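Chain by chain, the residues run as shown.
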Amino acid sequence: MGEFVRVEVADQIATIRLDRPKMNALNAHVQGEIAEAAGQVSADPAVAAVILYGGERVFAAGADIKEMADLGYADMAERSARLQASFSAVAQIPKPVVAAVTGYALGGGLELALCADFRVLGESAKVGQPEILLGIIPGAGGTQRLPRLIGPSKAKDLIFSGRHVTAAEALSMGLADAVVPDAEVYSAARAMVARYAGGPAMALRAAKQAVDTGLEVDLGTGLEIERLQFAALFATEDQKAGMRSFIDSGPGKATFTGR
Ligand code: DAK
């Protein structure tokens, strides 16, 4: 349990809850706690899926500008790898992860949401990469994860202009996967990942790693990654249970152990 980041587990779903009033500004301490939370939910076999949540009012308005304002190049060079690694720890959680976004997800806030597999936005949410308005560029994956998700020209529009995007526009550009009434954001995100409780955890892990790692490499290497992940699943109890259940009872009725 961190000072500003809590992990709550219920029904095999972990919620990583940011709680640093007023805007969940992500200072270095919070970023360290995010890395710890990501490590905790990754390692816990009782966790099947994860929700990133900033509360009912705001997801996160970005890195803490007041903390960064007076840093020099040497300071930032020294801490930037550690800070980036904390978001990468979220991206590498080997389980389905959804970001439940109410209010603002700006700068590092949006970059954190980009580390999730899916994004559910409240209808009054506003997202963007406003770093350019501060004389900098995104530094926690925005120039890399955003164009991979929505394409380079749309990403450049957001990064060059720093403009805020509405939930409706985010949905149309593929930045949001669902837009729901503000009051339903958390429950909708929960419903989105609830289906993975009791799921074939090793297959879900393999699927996420194959997609994410495959996107970083050429097609031939990606297919090789898929082939190895695919073959490895034949060493799991869940593959045996899944196929035996199909043969005996038809599709979709298997009970999995996650082993
Ligand atoms: N940092 C620090 N304080 C912030 C903040 C932020 N990002 N955002 C808001 N606040 C503070 C405000 O200063 C204000 O404080 P008080 O005056 O009350 O003490 C309080 O939160 C409420 O904010 P506002 O009064 O401005 O509230 P409004 O509703 O009028 O506006 C807003 C909300 C979110 C639209 C506005 O506050 C805003 O534009 N905030 C800044 C958004 C922004 O520029 N975000 C990008 C920050 S740069 C890296 C990792 C991460 C990053 C970089 C590198 N490494 C791995 C290397 C990320 C960088 C960024 O995110």
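Our structure's up above, just so we're on the same page.
The structure displayed is predicted, hence computed values, not measured ones.

Caption draft 1: Fine view of the packing of aromatic side chains. All chains considered together, the criterion is met by two aromatic pairs. Summarising the aromatic geometry, the rings of Tyr53 and Tyr186 are spaced 4.8 Å apart at their centres and angled 40 degrees between planes, so their arrangement reads as tilted. Here Tyr186 lies in helix H8 (residues 185-194) and Tyr53 lies in strand S3 (residues 49-53), a separation of 133 residues in the sequence. Looking at Tyr53, the relative accessible area reads 11%, which means it is buried. The class for Tyr186 is partly exposed, based on a relative accessible area of 23%.

Caption draft 2: Region of the structure containing the sheet that holds strand S4 (residues 97-101). Across the sheet, six strands lie side by side as S1-S2-S3-S4-S6-S9; this open sheet has mixed pairing. Sheet topology places strand S1 (5-10) and strand S9 (178-180) at the edges, where each strand pairs with a single neighbour. Shown here is a sheet whose adjacent strand axes are inclined to one another by a mean of 20 degrees, direction ignored. Strand direction decides the pairing type here: S4 and strand S6 (residues 118-122), joined by four bridges, are parallel. Within S6, the residue paired with Val98 across the bridge is Phe118. Relative to S1, helix H1 (residues 28-43) is tilted by about 20 degrees, and along the sheet it contacts S1, strand S2 (13-18) and S3.

Caption draft 3: Inspection of the site of the ligand at higher detail. Surveying the vicinity of the ligand reveals 23 residues, the closest of which are Lys22, Ala61, Ala63, Lys66 and Gly108. Lys22 places a polar side-chain atom, nitrogen or oxygen, 2.3 Å from an oxygen atom of the ligand. In the environment of the ligand, a nitrogen atom lies 2.9 Å from a nitrogen or oxygen atom belonging to the backbone of Ile65. Compared with its free state, where it exposes 1,100 Å², the ligand has 69% of that area covered by protein.

Caption draft 4: Quick look at the sheet that holds strand S8 (residues 165-166). Strand order in the open sheet formed by three strands is S5-S7-S8, and the pairing between neighbours is mixed. One side of each edge strand has no neighbouring strand; the edge strands of this open sheet are strand S5 (104-106) and S8. Here strand S7 (residues 126-128) pairs with S8 via two bridges, running antiparallel. From the neighbouring strand, Val127 faces S8, where its bridge partner is Val165.

Caption draft 5: View of the packing of H1 against helix H3 (residues 73-91). Remark: H1 packs on H3, axes separated minimally by 8 Å, with the N-to-C direction vectors making an angle of 40 degrees. Taken together, the axes of H1 and H3 are oblique relative to one another. Classified by chirality, the crossing of H3 by H1 is left-handed. In this structure, H1 uses Ala28, Gln31, Ile34, Ala35 and Ala38 to contact H3, whose residues at the interface are Arg79, Leu83, Ser86, Phe87, Ala89 and Val90. Within the contact of H1 with H3, the residues separate by chemical class into eight nonpolar, two polar and one charged.

Caption draft 6: Examining the pattern of salt bridges more closely. All told, the structure shown has ten salt bridges when counted by the stated rule. A salt bridge links Asp157 to Arg163, with the shortest nitrogen-to-oxygen separation between them at 2.8 Å. By relative accessible area, Asp157 is classed as partly exposed at 31%. Note that Arg227 is salt-bridged to Glu224, the shortest N-O span being 2.7 Å. Taken together, the residues span about one helical turn, with Arg227 and Glu224 both in helix H10 (residues 219-232) at a distance of three residues. Classification of Arg227 as partly exposed rests on a relative accessible area of 47%. For Glu224, a relative accessible area of 34% translates into the label partly exposed. Here the salt bridges do not stand alone but share partners, grouping Arg6, Glu8 and Asp19 into one network.

Reading the values: rules and limits
- Residues numbered from 1 in each chain as written.
- Predicted model: local features only at pLDDT ≥ 70, side-chain atom pairs only at ≥ 80, totals over all residues.
- Heavy atoms only, no water.
- Phe/Tyr/Trp six-rings, centres within 6.5 Å; stacked < 30°, edge-to-face > 60°.
- Helix = DSSP H or I, 4+ residues; strand = E, 2+ residues; numbered from the N terminus.
- Buried < 20%, exposed > 50% of the residue type's maximum accessible area, 1.4 Å probe, protein only.
- Pairing = 2+ DSSP bridges.
- Axes fitted to C-alpha atoms, helices over the stretch in contact; angles between N-to-C directions.
- Contact = heavy atoms within 4.5 Å.
- Near = heavy atom within 4 Å.
- Polar contact = N/O pair within 3.5 Å; in protein donor to acceptor, adjacent residues only side chain to side chain.
- Areas by Shrake-Rupley, 256 points an atom, 1.4 Å probe, with all protein chains shown as cover.
- Parallel < 35°, antiparallel > 145°, perpendicular 65-115°, else oblique.
- Left-handed = near helix turned anticlockwise from the far one by under 90°.
- Nonpolar A, V, L, I, M, F, W, Y, C, P; charged D, E, K, R; others polar.
- Salt bridge = Lys/Arg side-chain N within 4 Å of Asp/Glu carboxyl O.

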